[in-house]
Amino acid sequence: MSNLVLSSPLKGWIAPLEETPDAVFAGRMLGDGLAIDPTGSVLHAPCDAVVLTVHRARHAVTLRAANGAEILMHLGLDTVALAGAGFEVLVGEGQSVRAGEPLIAFDLDFLAQNVRSLITPIVVTNLDAFRIVRRQQDRAAEVGDELMALSPIAAETAESAAGASTVAEAGGEIVRRVVVPLVHGLHARPAARIVETVRAFTAEVALVAGERRASARSPVGVMALAVRHGDSLSITASGPDAEAALAAVAELIEGGMGEGGPVAAHVPTPSPAPSSVEAGPVTLPRDGVLKGVLAAPGLAIGKAVRLSSSEITVRELGDNPGHEHTALTQALETVRARLEAAAARSDKARQAILNAHLAFLDDPELSAVARALIDQGKSAGFAWRGAVGGYVDALRGLGDARLAERVDDLIDLERQVLRALIGEEESAAALPAGAILLADELLPSQLMGVDPGLVAGFCTARGGPTSHVAILAAAMGIPALVAVGGAVLTVADGTALILDADSGQLRVAPDAPALEAAQTRLAQRQERKARAKASAHQSCVTLDGQRIAVFGNVGALGDAVAAAANGAEGCGLLRTEFLFLERDTPPDEDEQARQYQAIASALDGKPLIIRTLDVGGDKAAPYLPIPAEENPALGLRGVRVSLWRPHLLKTQIRAILRARPVGQCRIMVPMIASLDELRAVRAVLDEAKRELGVTERVELGVMIETPAAAVTADLLAAEADFLSIGTNDLTQYVLAMDRGNPELAARIDALHPAVLRMIAQTCAGAAKHQRWVGVCGGAASDLAAVPILLGLGVTELSATAAILPEVKALVRALDLAACRTLAARALELTSSEAVRDAAQSFLAGV
Ligand code: PEP
Ligand code: MG
């Protein structure tokens, strides 16, 4: 490697990098160099080089010089948000350029009006291999004037690996290139797993994606790389156990962490999901109806209470760095203690959120940036806000809705640490009863701090449906809409509101008739619920005497308790995969046996239908190395996984057989497509029974989730003890619509006549062998679907615990003969909308 002089790529004023008003650059997180405030409008090559990457938003370019130095040039700050407007790229990736050659032309006036700053950082990103030995700064420059000189640290060429999965030495550092097979890229969960893996090593490990580099010990940094499915990235490691660390991280990423998907050169990088963080209208529409995205279902009437996170002011300059470092350390400790204490007394949903905050609090890059700012004379508060702010901007600017939704967690943490710094306690906001909270964004800690008895609902101008605050609202049973737009912030405190989260609407200052209609609906709902709850434990027979079993769906012991309290006559679906997910090894036979026994005991002898492991597709189990699949929903999932790894199935069946009394637990097999699969499972069951000396009958049923199973139900019923329809998957496979695709969410409806015909065929096939048919998919929890399902011949419904009392009350009010007539009509209709209309009119008469 040889020394290299970089010439100025821009006409303008050269400033020290730390003067860049952006913590990520100022803190040298992406590399070291200088910043130029441009007066010219063309970015030129600072040396002979190859163009490594040109950012999708055309505002940044990375070059590699002949000696291996990698140089990132980033035109302006927050320019990514312009999505390419104002820039013209004059070169392509992989192209060789000569020093002084134009790379990107830009409209200086347009940028000046539309971005935070024109300051352009020019940084060398592979600082492990190069050191800056001379800088020209605090002076004006013409294009081509000397800017800085670099010197290689090691004698070896820091040649980054070219092809996939090759390892190269770079001055004591090893590098390996991997392609990311994870369907959703490196989002929060995989980032956390990378950090966890690296913790076992002392080596310095970093991930480099194009122009961005992040320490593998920083979950925020890894997330901010915005690595997507199919992207390639380099893993670098140095230090005593570098090789092992690099291998572990590479294996983790290449293994897909259970989120594998196809990686093929011809597969285009998916465009970012439609961002739900974009704000809607900023002024109130004439009809006073604002539309948003459903975050938690329900209907609420209440009064507007605007919540603004009171701005915490921080002084810029610190007393002395020693004092500020101590203050920051103490504040971080205070917040950590509060979060840990809160997690210890929280339910699972809250714990997950609090743990995410704890991980951010531990993030070494966040504290490194803050500590660097303190060393430059800033106060602890200013430094912390600067560090968090840099990441918030970076995440918001990535155009990735999923990552942007993590911003509220970071802002929340910023606020908590700043309050700890000024010695303020977290206090619950004083609210009037029936408050509908309106906010730009609501922070998880703010929602956790309110009295759920006083809050009727909330709406936020921004935010997304999978944000932590949305998850929390659903768990608290608070109706909520997000991404309603800035207009929601113009609503005055005390204004009457109707929040109809189910239809995605917030009605502002409704007139008297609208208010009255909503009040009637709400009162009817509440009364119906209360009546149903009071009779939840009565048995369930239709008006004309047909006994219908109403069971509950269970994912864990707590659900079984809730279902039993709501009148469940048993469990129609125990989703055992919840015992298997989010862990690194599968639970062993003893652990499973304990869990099944606990759930069986909670049901007090009532039937417990245990579904064998249903992983694969959208349910990932990290320890199962399911090969990358082009079409995971059509790949190794459900019973196919069990037969592919029969020892897992055997262990699970043995654990089920150990629950007492024998026979209370029945076994159900998911994703059956042919009789052979059922026979193979029965063989394992027979073997396990022999091994354990179980002689009692243990029922073995199948799930009807594939069109193949529905049309051969008569063949399956000849050998299965019962059939239970998984309408979620059956609908997905009948309609060829991905159940997880938000774009199709409104159309993937189990009441589609095609799905109903499959259910009819299933019931007819089962009837030939006098087998019962149940429904354990979402349709069993849909009151509009219930009369049709019974009319088609279903005699068991397994629904979510919360709705059980209403399902039972409805069944008791139904006449089976009338249900049959309705079902026969539904089979002849042409759309799910038409079926829903028919079902609603039927229900109105019940
Ligand atoms: C279904 O597919 O309807 C079902 C009950 O199984 P899951 O939702 O767990 O895939
Ligand atoms: Mg299913």
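Residues numbered from 1 in each chain as written. Chains lettered and ligands numbered in written order. Predicted model: local features only at pLDDT ≥ 70, side-chain atom pairs only at ≥ 80, totals over all residues. Heavy atoms only, no water.

Concerning the coordination of the magnesium ion (ligand 2)
For the magnesium ion (ligand 2), the full set of protein donor atoms is Glu705 (OE) and Asp729 (OD), at a range of 2.0 Å. With Glu705 in the loop between strand 32 (700-704) and helix 21 (707-711) and Asp729 in helix 23 (residues 727-735), this residue pair connects regions lying 24 residues apart in the sequence. The two residues Glu705 and Asp729 agree in class, both being buried. (Donors = N, O, S within 2.8 Å, 3.2 Å for Na, K, Ca; no water. Helix = DSSP H or I, 4+ residues; strand = E, 2+ residues; numbered from the N terminus. Buried < 20%, exposed > 50% of the residue type's maximum accessible area, 1.4 Å probe, protein only.)

A short note on the sheet that holds strand 34 (residues 772-775)
The strand order around the closed barrel formed by eight strands is 28-29-30-31-32-33-34-35, and the pairing between neighbours is parallel. Here the strands of the sheet are splayed against their neighbours by 30° on average, with no regard to which way each runs. Here strand 30 (residues 608-611) pairs with strand 31 (residues 665-669) via four bridges, running parallel. Across the sheet, residue Leu608 finds its bridge partner in strand 31, namely Cys665. Running at roughly 150° to strand 32, helix 20 (residues 675-692) makes contact with strand 31 and strand 32 of the sheet. (Pairing = 2+ DSSP bridges. Axes fitted to C-alpha atoms, helices over the stretch in contact; angles between N-to-C directions. Contact = heavy atoms within 4.5 Å.)

Describing the site of ligand 1
The local shell around ligand 1 holds 14 residues, among which Arg575, Arg611, Gly726, Asn728 and Arg739 are the closest. Contact between ligand 1 and Gly726: an oxygen atom at 3.4 Å from a main-chain N or O atom of the residue. Here ligand 1 loses 99% of its free accessible area of 290 Å² to cover by the protein chains. Among the secondary structure elements, those contributing two or more residues to the shell around ligand 1 are strand 29 (571-575) and helix 23. (Near = heavy atom within 4 Å. Polar contact = N/O pair within 3.5 Å; in protein donor to acceptor, adjacent residues only side chain to side chain. Areas by Shrake-Rupley, 256 points an atom, 1.4 Å probe, with all protein chains shown as cover.)

Observations regarding the environment of Asp502
With respect to the helices, strands and loops of the structure, Asp502 is situated in the loop between strand 26 (496-500) and strand 27 (505-508). Through-space distance from the C-alpha of Asp502 to that of Leu481 is 9.0 Å; in sequence the pair is 21 residues apart. In contact with Asp502, not counting residues within four places along its chain, are Leu294, Pro297, Gly298 and Arg525.

Some remarks on the nonpolar core
One finds Ile759, Ile788 and Leu797 to be the most contacted residues of the largest nonpolar core, which totals 103 residues. Top contributing element to this core by residue count: helix 24 (residues 753-767), with seven residues. Judged by nonpolar contacts, the second largest core, of 86 residues, contains Phe201, Ala216, Leu339 and Val455. (Core = buried A, V, L, I, M, F, W, Y, C linked by side-chain atoms within 4.5 Å.)

Some words on helix 15 (residues 557-565)
For helix 15, every residue scored as buried is listed here: Ala560, Ala563 and Ala564. One side of helix 15 holds all its buried residues, which, seen down the axis, span an arc of 95°. Where helix 15 is buried, its residues meet strand 28 (549-554), helix 17 (589-602) and helix 26 (804-812). One or two steps after helix 15, the chain reaches Gly567, where phi turns positive at roughly 95°. (Arc of directions from axis to C-beta.)

Describing the packing of helix 6 (residues 321-344) against helix 11 (residues 407-421)
As a packed pair, helix 6 and helix 11 sit with axes 8 Å apart at the nearest point and diverge in direction by 120°. As for the relative orientation of helix 6 and helix 11, their crossing is right-handed in sense. Contacts between helix 6 and helix 11 involve Ala327, Leu328, Ala331, Leu332, Thr334, Val335 and Leu339 on the former and, on the latter, Leu413, Gln416, Val417, Ala420 and Leu421. Among the residues making up the contact of helix 6 with helix 11, the classes are represented as 10 nonpolar, two polar and no charged. (Left-handed = near helix turned anticlockwise from the far one by under 90°. Nonpolar A, V, L, I, M, F, W, Y, C, P; charged D, E, K, R; others polar.)

A word on the pattern of salt bridges
Two side chains with opposite charge may pair up if their charged atoms get near one another. All told, the structure shown has 36 salt bridges when counted by the stated rule. Note that Glu70 and Arg64 form a salt bridge whose closest N and O atoms lie 3.3 Å from each other. Look at Arg64 and you get partly exposed, because its relative accessible area is 25%. Between Arg531 and Glu527 there is a salt bridge; the shortest N-O distance is 3.4 Å. In this pair, Arg531 and Glu527 are both assigned in helix 14 (residues 512-534), four residues apart and thus about one turn of the helix distant. On the basis of relative accessible area, Arg531 is assigned to the exposed category, the value being 53%. Shared partners join several salt bridges into a network, and the residues in it are Glu589, Asp590, Lys650, Arg654, Arg658, Glu687 and Glu691. (Salt bridge = Lys/Arg side-chain N within 4 Å of Asp/Glu carboxyl O.)

Some thoughts on the confidence of the model for the protein chain
Across the protein chain, the average pLDDT comes to 86, with 88% of residues at or above 70. Under a pLDDT of 50 for its full length, residues 155-166 has, in the predicted model, 25 contacts with residues more than four places off or in other chains. Confidence over residues 261-279 falls short of pLDDT 50; this stretch has 40 contacts with residues more than four positions distant or in other chains. (pLDDT = per-residue confidence, 0-100.)

Side note on the sheet that holds strand 20 (residues 289-291)
Spatial ordering of the open sheet is given by 20-27-26-22-23-24-25-21, a layout of eight strands whose pairing is mixed. Each edge of the open sheet carries a strand with a single partner, namely strand 20 and strand 21 (293-296). Taking the axes of each pair of neighbouring strands and ignoring which way they run, one obtains an average angle of 30° across the sheet. Bridge analysis of strand 22 (residues 299-306) against strand 26 gives five bridges, and the strand direction is antiparallel. Residue pairing across strands places Gly302 opposite Leu497, the latter belonging to strand 26. Packing of helix 14 onto the sheet brings it into contact with strand 22, strand 26 and strand 27, and relative to strand 22 it is tilted by some 120°.

Overview of the packing of aromatic side chains
Within the structure shown, the criterion is met by one aromatic pair. Aromatic side chains Phe722 and Trp772 sit 4.8 Å apart centroid to centroid with 5° between the ring planes, which places their arrangement in the stacked category. Here Phe722 is found in strand 33 (residues 722-725), whereas its partner Trp772 is found in strand 34, with 50 residues between them in sequence. A relative accessible area of 0% places Phe722 in the buried class. On the accessibility criterion, Trp772 (24% relative accessible area) is partly exposed. Taking the ring centre of Trp644 as reference, the NZ or CZ of Arg645 above it sits at 3.7 Å. (Phe/Tyr/Trp six-rings, centres within 6.5 Å; stacked < 30°, edge-to-face > 60°. Lys NZ or Arg CZ within 6 Å of the ring centre and 35° of its normal.)

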